[in-house]
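# An overview of the molecular structure
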Amino acid sequence: MTMSSFQSQQIDAPTRRQFLKTLSRGAGGAALAASAAPLVGRAAPPDPHAETIGIALVGLGNYATGQLAPALQETTKCELTGIVTGTPSKAETWKQKYEIPDENVYNYETFDRIADNDEIDVIYVVLPNSMHAEYTIRAAEAGKHVICEKPMATSVQECKDMIDACETAGVKLSIGYRLHFEPHHQRVMTLGQKEVFGPVSVMQNGFGFRISDSATDEPHIEWRLDKEMAGGGALMDVGIYAIQGARYVTGEEPVAVTAQEYKTRPEVFSEVDETLFFQLEFPSGTVVDGSTTYNGNYNRLYATARDGWFEISPSYGYGGQKGRTHEGPMDIETVNQQARQMDAFADCIRQDRPSRVGGEEGLRDLQVIEAIYDSVAADGARVPVG
Ligand code: NAD
């Protein structure tokens, strides 16, 4: 799967519902806010009667443009109320397309002034990986709830700092793990964790796409090849889905890993990993054969259990999941994953409960990722996790 086919949805013109949502945050929303209960902590709990949670996207690149903004036209509990961009021409396009008022448009210098903007409840960080920690912490210090894209950060220490900052500020943190809200993935979580076909013994999880030689200077690829910006290569970017799948099918945390790295184009991948194979050992005995690459398109989650098997293939894209078990196809509709993910976070904020994909979830993946890189550095030696 190429990055472009990974991004299947197009931006539509503003819908009538978006217009209504915008309206609800205007005069009517302000009137309702006036009767809100006293505020607790630094993040103002939104008015439980207001219709929507306001989200500002930070970084208007491929994912924000192709997926998140369109998904925000499908949400029922949140809406796009602000943007942060360093590119004035993008600001103009987005302002018109999504009816974003001037006062809700920020750049990286004015970012911290979002603290004074009641129209923005959540800051959604969609920047290159190395910028996640800084902007999550600054968002928390501005008193805003945060959604941060995966990988949560480029190190375990950064993840801990982000969790601490959000706790200190009294704001909620969620990681952009959209597949936790996708029904095929929810089904395999149940099949694995409830041992519907007996305990899972072996899994094969892999996700990769090919970066062609001609794509290396495209802006969204360029930073992915830069260790300082990306933190790592295919593993950080898409291998993380294979780790996630292993963790949510088993419902356990891996205790140890082994890993091997292969490079066929060292001139392209001089700083980051191109292809990695890794093996995860889980406490109850499940073993996971994981892989990731920037050198080919594949996309599969497979689990064999004592009394049967199940799989999703293709598995990790924005749609098009196909699930099967040894009994036959899974008859499940696909959904707008990102819309569900953001609406679920709106519920967490309104009901004052933690996100099911909170900072700890991102931190645990980074612990596994660091153990995998340590194993590669130690020529495939077995490395305990965490
Ligand atoms: P992108 O390169 O298309 O977008 C990055 C944005 O950050 C751009 O608008 C760019 O202008 C901005 N930016 C600000 N400062 C920058 C700097 N110093 N260098 C480079 N860009 C800078 O990348 P993307 O594909 O949209 O990915 C952004 C984040 O979203 C990444 O963390 C990625 O892992 C994540 N992502 C998640 C999913 C998912 O399915 N959850 C899918 C794609 C990307």
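One structure accompanies this document, and this report is about it.

The rules behind these values
- Residues numbered from 1 in each chain as written.
- Predicted model: local features only at pLDDT ≥ 70, side-chain atom pairs only at ≥ 80, totals over all residues.
- Heavy atoms only, no water.
- Core = buried A, V, L, I, M, F, W, Y, C linked by side-chain atoms within 4.5 Å.
- Buried < 20%, exposed > 50% of the residue type's maximum accessible area, 1.4 Å probe, protein only.
- Helix = DSSP H or I, 4+ residues; strand = E, 2+ residues; numbered from the N terminus.
- Contact = heavy atoms within 4.5 Å.
- Salt bridge = Lys/Arg side-chain N within 4 Å of Asp/Glu carboxyl O.
- Near = heavy atom within 4 Å.
- Areas by Shrake-Rupley, 256 points an atom, 1.4 Å probe, with all protein chains shown as cover.
- Nonpolar A, V, L, I, M, F, W, Y, C, P; charged D, E, K, R; others polar.
- Phe/Tyr/Trp six-rings, centres within 6.5 Å; stacked < 30°, edge-to-face > 60°.
- Lys NZ or Arg CZ within 6 Å of the ring centre and 35° of its normal.

### Notes on the nonpolar core
- By size, the foremost hydrophobic cluster in this structure holds 83 residues, and its most contacted members are Leu280, Phe310 and Ile372.
- Sort the elements by how many residues they give to this core and helix 11 (residues 234–250) lands first, with 11 residues.
- Setting aside chain neighbours within four positions, we find phenylalanine 310 in contact with Val188, Leu191, Gly192, Phe197, Val200, Val249, Leu301, Tyr302, Ala303, Arg324, Thr325 and Met330.
- Of all hydrophobic cores here, the second largest spans 27 residues; its members include Ala69, Ile83, Tyr98 and Ala346.

### Here we look at the pattern of salt bridges
- Counted according to the given criterion, the structure contains 19 salt bridges.
- Between aspartate 347 and lysine 77 there is a salt bridge; the shortest N-O distance is 3.0 Å. Residue aspartate 347 is located in helix 12 (residues 337–351), and its partner lysine 77 is located in the loop between helix 4 (62–72) and strand 2 (78–84); the two are separated by 270 residues in the primary sequence.
- Put simply, glutamate 274 and arginine 265 hold a salt bridge, and the shortest N to O gap is 3.6 Å.
- One salt-bridge network, in which partners are shared between bridges, spans Arg247, Glu253, Glu361, Arg364 and Asp365.

### Overview of the site of the ligand
- Around the ligand sit 25 residues, and of these Asn62, Asn129, Lys150, Arg178 and Trp223 come closest.
- A total of 840 Å² of accessible area belongs to the ligand in isolation, and the protein chains cover 83% of it.
- Of all the secondary-structure elements, those providing two or more residues to the shell around the ligand are helix 4 and helix 11.
- Among the residues making up the shell around the ligand, the classes are represented as 12 nonpolar, 7 polar and 6 charged.

### A few points about unusual backbone geometry
- Each neighbour pair has its own omega, and for lysine 150 with proline 151 the value is -15°, a cis peptide bond.
- Structurally, proline 151 is set in the loop between strand 5 (145–148) and helix 7 (156–169).
- Following serine 313, the chain continues into proline 314 via a peptide bond in cis, with omega recorded as 0°.
- Relative to the helices and strands, proline 314 is located in the loop between strand 12 (308–312) and strand 13 (323–325).
- Backbone geometry at aspartate 352 places phi at a positive 50°, although glycine is not the residue there.
- Structurally, the position occupied by aspartate 352 is in the loop between helix 12 and helix 13 (359–377).

### Section: the packing of aromatic side chains
- Going through the model one piece at a time under the given rule, you end up with 12 aromatic pairs.
- Plain terms: the ring middles of tyrosine 108 and tyrosine 135 are 5.6 Å apart, the flat faces sit at 75° to each other, and that makes the pair edge-to-face. Linking tyrosine 108 in the loop between strand 3 (105–106) and strand 4 (122–125) with tyrosine 135 in helix 6 (residues 132–141), this pair joins segments that are 27 residues apart in sequence.
- Among the aromatic residues, ring-to-ring pairing joins Tyr108, Phe111 and Tyr135 into one connected group.
- Over the ring of phenylalanine 181 we find arginine 356, and its NZ or CZ is 5.6 Å from the ring centre.

In short, shape yes, function no, at least from these values alone.
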